[in-house]
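Here are the chains, one letter per residue:
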Amino acid sequence: MTHTPFHCGFVAIVGRPNVGKSTLMNHLIGQKISITSKKSQTTRHRVTGIHTEDAAQFVFVDTPGFQTYHKGALNEALNKSVKDSLGSVDCVLFLLEAMRFTAADREVMALLPKKTPVILVVNKLDKAKDKLALQAFIDEVCAEFEFAGVEVVSAKHGQRLAELLDQVRPHLPESMPLYPEDMITDKNERFLAAEIVREKLFRYLGEELPYEMNVEVEMFEMDGALRRIHIAVLVDKEHQKPIVIGRGGEKLKKISTEARLDMEKLFDGKVFLQVWVKVKSGWADDVRFLREFGLD
Ligand SMILES: Nc1nc2c(ncn2[C@@H]2O[C@H](COP(=O)(O)OP(=O)(O)OP(=O)(O)O)[C@@H](O)[C@H]2O)c(=O)[nH]1
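Cut-offs used in this document
Residues numbered from 1 in each chain as written. Predicted model: local features only at pLDDT ≥ 70, side-chain atom pairs only at ≥ 80, totals over all residues. Heavy atoms only, no water. UniProt positions renumbered as here; feature names shortened; annotations may be inferred. Helix = DSSP H or I, 4+ residues; strand = E, 2+ residues; numbered from the N terminus. Expected span 1.5 Å × (residues − 1). Contact = heavy atoms within 4.5 Å. Polar contact = N/O pair within 3.5 Å; in protein donor to acceptor, adjacent residues only side chain to side chain. Buried < 20%, exposed > 50% of the residue type's maximum accessible area, 1.4 Å probe, protein only. Pairing = 2+ DSSP bridges. Axes fitted to C-alpha atoms, helices over the stretch in contact; angles between N-to-C directions. Parallel < 35°, antiparallel > 145°, perpendicular 65-115°, else oblique. Left-handed = near helix turned anticlockwise from the far one by under 90°. Nonpolar A, V, L, I, M, F, W, Y, C, P; charged D, E, K, R; others polar. Core = buried A, V, L, I, M, F, W, Y, C linked by side-chain atoms within 4.5 Å. Phe/Tyr/Trp six-rings, centres within 6.5 Å; stacked < 30°, edge-to-face > 60°.

Looking at an unreviewed UniProt entry, one finds the protein named GTPase Era and attributed to Chromobacterium sinusclupearum. Listed in UniProt under the heading Sequence similarities (unreviewed entry), the comment for the protein reads: "Belongs to the TRAFAC class TrmE-Era-EngA-EngB-Septin-like GTPase superfamily. Era GTPase family."

Take a look at the structure:
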């Protein structure tokens, strides 16, 4: 009897903000874990997604967008996180949007490792109608870096993701699976609860969203089968509070109701959720505070 060896490894997904990294990872692991939004720079934490097959396990690392425009301590922490995640993986997926190769993309490209295989993933295939122009675009990008492979996909529509996995699989080292096969993330429920609230804030505040904002889980307790969760939304300035709360508290109510429903679905149990807004002045440049978030 022949024995197929198991392969398991880490795969980093990198690219400038808004290329579709979170969307890609969510589709690859088949469940929504990392948050997505039309507004860029929504991913502040490394999120690990896990995809397990009969003979392979892919452990995905979703890095924050490489920051070019904001130079505060927060963004230095984010940039460091990109570099760290690239130094310790088996394969890197470098995402671009079809037909767009911007200065911000080149800045991320400059961080790509030379010793680790990098696959060029051209996303948003659904938007590229002219196939000849697409090939010319791919040739132009490939002239600037030695990629181990190229794949065109549509993360949003789940197109050609199997082909993408086929390209990654040979780069995973022979190893036992690192995680149980039904596990899709190593982030705990506490982290996921904060991610869900963050996503609702992005959805309901849109352009009004204060740039300097974060979400902190103040309490997460099991009370029998009930999860009691208290979450604080931290804004930088007093005048930003009413933006999040809305007239008569209407926005915050909507955000917390929707977040609670999502949590109940994901955790498969009842949730009692309280969300409130607090002012934490100057937090975006306070490195000590970043440390508490595990971001430095
Ligand atoms: N048309 C189209 N849109 C896509 C595709 N993939 C992602 N998008 C959209 O692109 C936007 C950004 O996607 P995200 O997954 O949040 O991008 P990201 O790279 O994780 O962004 P940051 O968190 O800012 O780094 C969202 O509106 C997605 O719906 C695709 O294949 N086709």
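### Notes on helix α4 (residues 131-142)
An ideal rise of 1.5 Å per residue puts 16 Å on twelve residues; α4 measures up with 16 Å between its terminal C-alpha atoms. Residues of α4 that are buried sit in contact with β4 (91-97), α3 (103-109), β5 (118-123) and β6 (149-152). The backbone nitrogen of leucine 132 has a side-chain oxygen 3.1 Å away, supplied by the residue at the start of α4, namely aspartate 130.

### A short note on the pairing of strand β1 (residues 7-14)
Along β1, six of the eight residues are buried, which leaves the element largely enclosed by surrounding structure. Alignment of β1 against β4, held across four bridges, turns out to be parallel. Note that in β4 the partner of valine 11 across the bridge is cysteine 91.

### Some remarks on the packing of helix α6 (residues 189-205) against helix α8 (residues 250-267)
Packed helix pairs are specified by the crossing angle of their axes together with the interaxial distance, meaning the distance between the axes. Direction vectors running N to C along α6 and α8 enclose 140°, while the axes themselves pass 9 Å from each other. Of the possible angle classes, the one that applies to α6 and α8 is oblique. Of the two elements, α6 crosses α8, and the hand of that crossing is right-handed. Contact residues: Glu189, Leu192, Ala193, Ile196, Val197, Glu199, Lys200, Leu201, Arg203, Tyr204 and Leu205 in α6; Lys251, Lys254, Ile255, Glu258, Ala259, Asp262, Met263, Leu266 and Phe267 in α8. Its residues assigned to classes, the contact of α6 with α8 shows twelve nonpolar, no polar and eight charged.

### Regarding the sheet that holds strand β9 (residues 271-279)
Taken together, the three strands give an open sheet; going across it, the order is β7-β8-β9, and neighbouring strands pair in mixed fashion. Of all strands in the sheet, those with a lone pairing partner are β7 (213-223) and β9, marking the two edges. Taken over all neighbouring pairs, the strand axes of this sheet differ in orientation by 15° on average, direction set aside. With nine bridges connecting them, strand β8 (residues 226-235) and β9 associate as parallel partners. Of the residues in β9, the one forming a bridge with valine 233 is valine 277. Sitting on the sheet, α6 touches β7, β8 and β9, and the angle it makes with β7 is about 135°.

### Some remarks on the nonpolar core
Among the nonpolar cores identified, the biggest contains 28 residues, and Leu201, Ile229, Ile231 and Met263 are the most heavily contacted of them. Secondary-structure elements contributing two or more residues to this core are α6, β7, β8, α8 and β9. Here leucine 201 is in contact with Gly206, Leu209, Met213, Val215, Val233, Val244 and Ile255, once residues within four sequence places are set aside. In terms of nonpolar packing, the next biggest core, distinct from the first, is built from 25 residues, Leu86, Leu112, Leu120 and Phe147 among them.

### A closer look at the packing of aromatic side chains
Applying the stated criterion to the full structure yields three aromatic pairs. Each ring, one from phenylalanine 58 and one from phenylalanine 60, has its centre 6.1 Å from the other, and the planes form 5°; the classification is stacked. A residue is classified by how much of its surface remains accessible, and phenylalanine 58, at 0% relative accessible area, is buried. We classify phenylalanine 60 as buried; its relative accessible area is 0%. Aromatic pair phenylalanine 145 and phenylalanine 147: ring centres 5.0 Å apart, planes at 50°, arrangement tilted. Relative accessible area serves as the criterion here: at 13%, phenylalanine 145 is assigned to the buried category. For phenylalanine 147, a relative accessible area of 14% corresponds to the buried category.

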